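Residue-level structural notes
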Amino acid sequence: MKNRVKEFRAALGLTQQQLAGLAHVTARTIISIEKGQYSPSLLLAYRIALALGTPMETLYCLEENKQQEDQQYEDL
Amino acid sequence: MKIYNKKGLLWGIVWTAVGAFCLYRDAADASGFLPQQIKSVVLSLIMLAIGVTGFVRAFSKRASMEDRVEERDERSRLIRLKTASQTLRVLMWVQAAATVLGLLAYVFTENLVWGCLFLFSGLTITLEAAVSIAAAVYYEKRS
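Residues numbered from 1 in each chain as written. Chains lettered and ligands numbered in written order. Predicted model: local features only at pLDDT ≥ 70, side-chain atom pairs only at ≥ 80, totals over all residues. Heavy atoms only, no water.

A closer look at the overall build of chain A
Short version of the rule: Helix and strand definitions follow DSSP, with helices as H or I runs of at least four residues and strands as E runs of at least two, each counted in order from the N terminus. The cut-offs for exposure are 20% and 50% of the maximum accessible area for each residue type, with area from a 1.4 Å probe on protein chains only; residues under the lower value are buried, those over the upper are exposed, and the others partly exposed. Using the Shrake-Rupley algorithm and a 1.4 Å probe, accessible areas are obtained, with residue cover drawn only from the displayed protein chains. For the purpose of charge, His is not counted, nor are the chain termini; Lys and Arg are scored as positive and Asp and Glu as negative. Taken as the charge centre is NZ of Lys, CZ of Arg, CG of Asp or CD of Glu, depending on the residue.
Within chain A, the regular secondary structure consists of 6 helices and 0 strands. Taken from N to C terminus, the helices and strands of chain A fall in the order α-α-α-α-α-α. Counting only C-alpha atoms, chain A reaches 40 × 20 × 20 Å along its principal axes. Each of the 76 residues in chain A was classed as buried or not, and the buried ones make up 37%. Accessible surface for chain A amounts to roughly 4800 Å². Of this, 53% is attributable to carbon and sulfur atoms. Computing the positive centroid from 8 side-chain charges and the negative centroid from 9, chain A places the two 14 Å apart.

Looking at a positive patch on the surface
For the record, the criterion: Patch members must show over 30% relative accessible area and no salt bridge, and they are joined within 9 Å when carrying like charges or within 5 Å when they are nonpolar side chains of Val, Leu, Ile, Met, Phe, Trp or Tyr. Each reported salt bridge corresponds to a side-chain nitrogen of Lys or Arg within 4 Å of a carboxyl oxygen of Asp or Glu.
Taken together, the side chains of Arg47(A), Arg68(B), Arg72(B), Arg77(B) and Arg80(B) make up a positively charged region of the molecular surface. Listing elements by their share of the positive patch, those giving two or more residues are α3 (61-72) and α4 (74-109) of chain B. On the basis of relative accessible area, Arg72(B) is assigned to the exposed category, the value being 58%.

What about the domain arrangement of chain B?
Our working rule: All domain edges in this entry derive from an automatic or database-based domain assignment.
As assigned here, chain B comprises domain 1 (6-72) and domain 2 (74-142). Measuring from the centre of the C-alpha atoms in domain 1 of chain B to the corresponding centre in domain 2 of chain B gives 35 Å.

Quick notes on helix α2 (residues 34-57) of chain B
All names here are of chain B. Put simply, the rule is: An expected span of 1.5 Å times one less than the residue number is assigned to each helix. Note on definitions: a residue-residue contact is assigned when non-hydrogen atoms from the two residues lie within 4.5 Å.
Over its 24 residues, α2 runs 34 Å from end to end, which matches the ideal 34 Å to within 8%, given 1.5 Å per residue. For α2, the set of buried residues is Gln37, Ser40, Ser44, Met47, Leu48 and Gly51. Contacts made by the buried residues of α2 are with α1 (6-28).

Some details on the interface of chain B and chain A
Our working rule: Note on definitions: buried area is the accessible-area loss of two parts on being combined, 1.4 Å probe, summed for both. Polar here means any residue outside two lists: the nonpolar Ala, Val, Leu, Ile, Met, Phe, Trp, Tyr, Cys and Pro, and the charged Asp, Glu, Lys and Arg; Gly therefore counts as polar.
Facing 7 residues of chain B, the contacting portion of chain A comprises 10 residues. Carbon and sulfur atoms supply 48% of the area buried between chain B and chain A, which totals about 740 Å² over both sides. The interface formed by chain B and chain A contains 1 salt bridge. Notably, a salt bridge pairs Glu70(B) with Arg28(A), separated by 2.8 Å at the nearest N-O pair. Elements represented by at least two residues in the side of chain B that touches chain A include exactly α3 and α4 of chain B. In terms of residue count, the dominant contributor to the side of chain B that touches chain A is α4(B) (4 residues). Looking at the side of chain B that touches chain A residue by residue, the class counts come to 2 nonpolar, 1 polar and 4 charged.

A few points about the side chain of Ser32(A)
So the rule is basically this: Counted as a polar contact is a pair of N or O atoms within 3.5 Å, where, for protein atoms, one must be capable of donating a hydrogen and the other of accepting one, and residues adjacent in sequence contribute only when both atoms are in side chains.
Within the secondary structure, Ser32(A) sits in helix α3 (residues 27-35). Within polar-contact distance, the side chain of Ser32(A) engages the side chain of Arg75(B) at 2.9 Å. What Ser32(A) contacts, discounting residues up to four positions off in sequence, is Gln37(A), Tyr38(A) and Arg75(B).

Considering a nonpolar patch on the surface
Residue and element names in this part refer to chain B. A surface patch of nonpolar side chains, about 1000 Å² in accessible area, is lined by Leu10, Trp11, Val14, Trp15, Val18, Leu34, Ile38, Val42, Leu43, Ile46 and Ile50. For the nonpolar patch, the secondary structure elements donating two or more residues are α1 and α2. A per-element tally of the nonpolar patch places α2 first, with 6 residues. Along the polypeptide, Val14 turns up in helix α1.

Dropping the structure here:
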């Protein structure tokens, strides 16, 4: 899933380890989320959004991801 | 001193005890083959190091917090689940292959060893399938 976690984290000057500490997860999880390899649970997504002070809709590009998934369903 | 991680402390004690026992046994029985003894001592020291580290970490608030985060991390849990699931899937295929091969070998050779392989693999695969169905029903109801 596409997201803008890296962009917002960098804007705040936080390291992956620091963000991981704020969200109570390991730095590896933050790295995977930033790479789009791992989709976080709703609660973790909310924790990260709170830590970065960004609405979830913006942080996780929800509209764009929904449209992408809708397209995949239409292609079936 | 306050204990922050009881489970970690317990494992630390177990590893330290096992490591110390093995080291003592190696020291007491010095008549063995030298390379084998060196290997055994190195293994004992590794066990001792794991045990002491776990023991010390159990008394550190920061280290215990790190351990807890690592244990409860949702991605790590997902990886553990996926690993277990993949392992089981591969083992089931191996057992299925062993069952078929055992049956074919028994039909062609009439050797009882192959028959036993077929029976054992068949029984285990049936048991695994039954447990898998029961677990699926359980989680279907609970999730």
